[in-house]
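Secondary and tertiary structure notes
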Number of protein chains: 2
Amino acid sequence: MAILFPATAEFIGALYAPCRFEGSVNDLEVEGTVPTELEGTFIQVAPDPAYPPMLANDIFFNGDGAVTAFRFSGGHVDFQRRYVETDRLKAHRAARRSLHGIYRNPFTDDPAVAGASATTANTNVIAFGDHLLALKEDSLPVALDPVTLETIGNWDFAGQIGDGPFTAHPKRDPEDGSLLAFGYEARGIASRDIVYYEFDAIGCKRRETWVEAPYAGMVHDFAVTPNFVIFPVLPATADLERIMAGGRHFEWQAELDFQFGIMRRGGDGSDIRWLKAPNCFQAHVLNAFETGDLIHLDMPSASGNVFPFFPEANGSSPLAHELHYELTRWTFDLANPGEPPLRTTLYDAPCEFPRCDERVVGRPYRHAIMLGCNMRLFASERMGPPPWQFFNQLVRLDLSTGLAESWCGGDAECFQEPTFVPRGPSAAEGDGFILALLNHLESATTELVILDTRDIAQGPVATVRLPLRLRMSLHGSWVATPPFPKP
Amino acid sequence: MAILFPATAEFIGALYAPCRFEGSVNDLEVEGTVPTELEGTFIQVAPDPAYPPMLANDIFFNGDGAVTAFRFSGGHVDFQRRYVETDRLKAHRAARRSLHGIYRNPFTDDPAVAGASATTANTNVIAFGDHLLALKEDSLPVALDPVTLETIGNWDFAGQIGDGPFTAHPKRDPEDGSLLAFGYEARGIASRDIVYYEFDAIGCKRRETWVEAPYAGMVHDFAVTPNFVIFPVLPATADLERIMAGGRHFEWQAELDFQFGIMRRGGDGSDIRWLKAPNCFQAHVLNAFETGDLIHLDMPSASGNVFPFFPEANGSSPLAHELHYELTRWTFDLANPGEPPLRTTLYDAPCEFPRCDERVVGRPYRHAIMLGCNMRLFASERMGPPPWQFFNQLVRLDLSTGLAESWCGGDAECFQEPTFVPRGPSAAEGDGFILALLNHLESATTELVILDTRDIAQGPVATVRLPLRLRMSLHGSWVATPPFPKP
């Protein structure tokens, strides 16, 4: 009996062929010199299907979460990788095959796994308390041992939050270390309910607020400022009837406005106000902050649907090069609640995976890092439908001047999400290092590049070579040893 | 500080760039169908340097042993790889650098490791008793846990054999499961002493015999028949003075004859007789057997030195295509002890890594498997000095007819050592499956191919795909679950 992954775009090539190994490599090869300021762990997670999909047309986002840790010490870098042993993965390994159907549709799963957690824990991994938490927005976090990466189990904060969804993009309050999070579709599949949580630095729930979105759209990320929470709701919507009939979890609705929900952190949610923007695609939040009565929210934006695997009801979706991409600032004037948000372009080119210095989350800030793509490449034939492999630029944007510096890996290279590491406990905002995995598409090899923010254009100060290829990943973070205090 | 392997031929490319990972992949992808008869583990070991060499011009044979296990069950194949945690590797990991100098020369090591075992355990791995034994001919075996591959430690058979050398090619007596082994340079570096051991199936030493070779040459492998032991001594010789001065352990002596030492198993070694053959290179034994007063010994043979890293004293060594290669049968007539051995050519083409059905070791037999190379490729520019990457044929030779069947992976492919697995407990000799790793040199990928001996030419009945590249390895074996009784 053959055991093979499908030869579709989501499962082949230097970026998307599954890797699936778990293990370690001590002392990775290093070209250049790893800055001695880097003492800690770069952790990140990739969807990496452990078994070939049970149903055809499976998508990248449906892969099992595999966590990678790069441990930095004294100029040396050790590599470690392990699957999150979710209930789903344990069931698949016991059966030696996939038992789950299409993305986030339990009605297409094998009856053997009915009722069990279906989380893939594949979207982000953060350090919180004594654990790592592997996150997928449709389920509870999964706690991991931070040293061995062994899975501890589904993490409901000691019973404080039931077993509902939990965002893959929680925020840490840089003042007090509290964890700010939310879940959407929070009263069941395709429900419009959103629940907002605040936990103190040791995980005690301090606030839980329920609101209702205008439609059951995807809410992949959010923003929290000292006084406000902002939920960006995408016009990629869930429909229970369709899902029960075996259809896609999300479909794009080109006729719907994009919606921002803004509510006070201290209230009961009844003050939430929904503000509209023209139909567009925005998933990731770079940062948000308040100035007087204004709230500013910065997000990469595309003029239409970038997820062809969640097309419109008629099956259509635009080609990537047919859309306009930019980094957008949305400004909401709380003194004029009836006004639509003001839109400003911060960076007028394709960009994604935006990151700020985590010490300024929710605060006025100056520096962004993100992935970009040179326009020549963007217009080329490589720019077909996803899965994408065109992020060949690391970009650092100075929001105070609008000036962008970048380093280009080459045309046949693709970066994975960058992570910023401060130069030290008292470093100025945005002064430090950028870490990013870089896939070489022709040789099918992967490196971890380290750039100094003081000179992006010169390229990496150190290139950490891997003896194995890593699949495209989603999100991750830097965990300092010991954690840096706030500046 | 850069941490990089040298860009010399021994450390680059799809076959020789170090891999260094430890870990596992569950349920490897399978093209075709894995025969259900394959229930067990294919174990093998590769030299794979954990740290860049301390000194320049390091050689492939000096790498740390990394054991790979392919576990077959119900048509599924799991992959597992782990370093043998030798004293040497533990010291390197503690120091985060290599502390050992050139191959088998302790006088070039860092003083920090003086007196400690320097075994790399990198040449072969076998199952014996409750353990796996990782073997390197200059040191004791290292015992491993057969399930986890964790290292237990240096293995002196409960103190029965001191801490001397132990061949990487011991034989199992197919009648009683006893382990037959030897060590050379057995009374110290460059000594001419050879010690022969027999252990019963549970590891109790039943015999220890000491003999002296005519010169201190390499004795990589040997042969045991029901009544005799044969030591093939290569004219690659060790010299203590040279080694103490920091020179190579071995140098080729083109003026020396090749020597075969033949002794009775039951004696005290005083009956050993040394028989000469013209200077040539022969390292691996395919098999040996007795017919009346004759002993037949089958070995791949080259007309000169194939190890340029062990050149003549003047530094010279032939290019690979300047030599003649074949599979040779040496026949020794015990009734005419003065006669030189009779030489017969069994296969007149380049071949190496010969294997027989292990159930006929030391007995008359019919089938050989080995790696070959098509002559067009052999004459091409790829045939430079080692490390070699030209084994692009799997060959099965019927010694009763002289007919060879082969399967060719292609010009840009290189096999690693093949292993034979009987079709079942009562299968005829040589009837079963051939397992071999296959490296694709252009894509830098590795597969495990499985061929049925009943139709070699059709190619693999199953191809097991690996998501990572494996470095060139040395030797391994099949461990059935449960072990097959003798036919």
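Now for a quick tour of the structure. (Residues numbered from 1 in each chain as written. Chains lettered and ligands numbered in written order. Predicted model: local features only at pLDDT ≥ 70, side-chain atom pairs only at ≥ 80, totals over all residues. Heavy atoms only, no water.)

**Re the sheet that holds strand 13 (residues 205-212) of chain A**
All names here are of chain A. The test is simple: Any two strands with at least two DSSP-identified bridges between them are counted as paired. Each helix corresponds to a stretch of at least 4 residues labelled H or I by DSSP, and each strand to a stretch of at least 2 residues labelled E; elements are numbered beginning at the N terminus.
Taken in spatial order, the 4 strands of this open sheet run 10-11-12-13, and their pairing is antiparallel. The sheet terminates laterally at strand 10 (171-172) and strand 13, the two strands that pair on one side only. Two elements, strand 11 (residues 179-184) and strand 12 (residues 193-199), share 6 bridges in a ladder whose sense is antiparallel. Bridge pairing links Tyr 184 to Ile 194 in strand 12.

**What about helix 2 (residues 87-95) of chain B?**
Residues and elements named next belong to chain B. This is how the line gets drawn: Residue burial is assigned from relative accessible area. The probe radius is 1.4 Å, only protein chains are included, and a residue is buried under 20% of its type maximum, exposed over 50%, and partly exposed in between. Here the arc refers to the directions that run from the helix axis out to each C-beta atom. Contacts are assigned to residue pairs with any non-hydrogen atoms lying within 4.5 Å of each other.
For helix 2, every residue scored as buried is listed here: Arg 88, Leu 89, His 92 and Arg 93. The buried side chains of helix 2 occupy one side of the element, clustering within an arc of 130° when seen end-on. Where helix 2 is buried, its residues contact strand 1 (22-25) and strand 5 (76-83).

**As for the sheet that holds strand 25 (residues 367-372) of chain B**
Within a sheet, each strand pairs with its neighbour through backbone hydrogen bonds, oriented either parallel or antiparallel. Residues and elements named next belong to chain B. The following threshold applies: Here an angle of 0 to 180 degrees is reported between the N-to-C directions of two axes, which are lines fitted to C-alpha atoms, with helices fitted over the stretch in contact.
The strand order across the open sheet built from 4 strands is 24-25-26-27, with neighbouring strands paired in antiparallel fashion. Each edge of the open sheet is held by one strand with a lone partner, namely strand 24 (351-356) and strand 27 (403-408). Pairwise comparison of adjacent strand axes, ignoring direction, gives a mean angle of 25° for this sheet. By the bridge criterion, 6 bridges tie strand 25 to strand 26 (residues 393-398) in an arrangement that is antiparallel. If you follow Ile 369 over to strand 26, its bridge partner there is Arg 396.

**A short note on the interface of chain B and chain A**
The figure often quoted for interface size is the accessible area lost as the parts come together. Here is the rule we go by: Buried surface area refers to the total accessible area, computed with a probe of radius 1.4 Å, that the two partners give up upon joining, counted for both partners together. Should a side-chain nitrogen of Lys or Arg be within 4 Å of a carboxyl oxygen of Asp or Glu, the pair is scored as a salt bridge.
Tallying the contact residues gives 31 residues for chain B and 31 residues for chain A. Together chain B and chain A conceal approximately 3000 Å² of surface at their shared face, both sides included; 46% is due to carbon and sulfur atoms. The largest per-residue losses of area from chain B upon contact with chain A belong to Ile 3, Arg 20 and Arg 96 of chain B, which jointly make up 21% of the total buried on that side. At the junction of chain B with chain A, the criterion picks out 4 salt bridges.

**Things to note about the pattern of salt bridges**
All names here are of chain B. Across all of its chains, the model carries 68 salt bridges over all chains by this definition. A salt bridge links Arg 248 to Glu 251; its shortest N-O distance comes to 3.8 Å. We classify Arg 248 as partly exposed; its relative accessible area is 36%. Of the charged contacts, one joins Glu 358 and Arg 355 as a salt bridge, the two residues approaching to 3.0 Å between their closest N and O atoms.

**Points about the side chain of Arg 81 of chain B**
Residue and element names in this part refer to chain B. For the record, the criterion: In protein, a polar contact requires one atom able to donate a hydrogen and another able to accept it; more generally it is a pair of N or O atoms within 3.5 Å, and residues adjacent in sequence count only if both atoms are side-chain atoms.
Here Arg 81 shows up in strand 5. Among the residues examined, Arg 81 registers a relative accessible area of 2% and is labelled buried. Polar contacts involving the side chain of Arg 81 include one to the side chain of Asp 48, which spans 3.0 Å. The residues touching Arg 81, leaving out its near neighbours within four places in the chain, are Cys 19, Arg 20, Phe 21, Glu 22, Gly 23, Ala 46, Asp 48, Ala 66, Val 67, Thr 68, Leu 149 and Leu 470.

**Quick notes on the relation of the copies chain B and chain A**
Applicable threshold: Least-squares superposition aligns the copies on the C-alpha atoms of those residues with pLDDT at or above 70 in both.
With an RMSD of 0.0 Å, the fit of chain B onto chain A corresponds to turning through 180° and sliding 0.0 Å along the axis. Considering both components of the superposition, the chain copies are consistent with a two-fold axis. For chain B, the residue whose C-alpha comes nearest the rotation axis is Gly 23 of chain B, separated from it by 1.9 Å. In this assembly, 100% of the residues forming the interface of chain B have copies in chain A that are likewise at the interface, indicating an isologous arrangement.

**Remarks on the side chain of Asp 27 of chain A**
Tracing the backbone shows Asp 27 of chain A in the loop between strand 1 (22-25) and strand 2 (29-32). Within the structure, the side chain of Asp 27 of chain A is placed 2.9 Å from the side chain of Arg 96 of chain B, a separation counted as a polar contact. Discounting residues that sit within four places of it in the chain, Asp 27 of chain A has contacts with His 76, Val 77 and Asp 78 of chain A together with Ile 3, Arg 20, Tyr 51 and Arg 96 of chain B.

**Notes on the packing of aromatic side chains**
Put simply, the test is: Pairing of aromatic side chains requires ring centres within 6.5 Å, counting the rings of Phe and Tyr and the six-membered ring of Trp. Pairs whose planes differ by under 30 degrees are stacked, by over 60 edge-to-face, and all others tilted. Distance and angle both matter: a charge sits over a ring if NZ of Lys or CZ of Arg is within 6 Å of the ring centre and within 35 degrees of the ring normal.
Tallied over the entire structure, the rule returns 64 aromatic pairs over all chains. Among the aromatic residues, those joined into a ring-pair cluster are Tyr 16, Phe 60, Phe 61, Tyr 103, Phe 250, Trp 252, Phe 281, Phe 307, Phe 309 and Phe 310 of chain A. Its end group placed over the ring of Trp 210 of chain A, Arg 187 of chain A keeps NZ or CZ at 3.8 Å from the ring centre. Positioned over the ring face of Phe 21 of chain B is Arg 81 of chain B, at 5.1 Å from the centre of the ring.

**Some points on unusual backbone geometry**
Residue and element names in this part refer to chain B. In this model, Asn 57 sits at a positive phi of 60°, which is unusual for a non-glycine residue. Relative to the elements of secondary structure, Asn 57 occurs in the loop between strand 3 (40-47) and strand 4 (65-73). Residue Asn 57 is classed as exposed on the basis of its relative accessible area, which comes to 69%. At Ala 158, a position not held by glycine, the phi torsion is positive, near 55°.

**So, the environment of Tyr 365 of chain A**
Residue and element names in this part refer to chain A. Within the element layout of this structure, Tyr 365 appears in the loop between strand 24 (351-356) and strand 25 (367-372). The spacing of Tyr 365 and Thr 120 is 245 residues in sequence and 33 Å in space, taken between C-alpha atoms. Other than its neighbours up to four places away in sequence, Tyr 365 contacts Leu 286, Asn 287, Phe 289, Asp 298, Arg 329, Cys 356, Val 360, Leu 399 and Glu 429. A distance of 2.5 Å separates the side chain of Tyr 365 from the side chain of Asp 298, its partner in a polar contact.

**Describing the environment of Ile 126 of chain A**
Residue and element names in this part refer to chain A. Secondary-structure assignment places Ile 126 in strand 6 (residues 124-128). When the C-alpha positions of Ile 126 and Ala 143 are compared, they lie 9.7 Å apart, and in sequence the two are 17 residues distant. Ignoring any residue separated from it by four or fewer positions in sequence, one finds Ile 126 in contact with Ile 43, His 131, Leu 132, Leu 133, Leu 135, Pro 170, Leu 179 and Ser 477.

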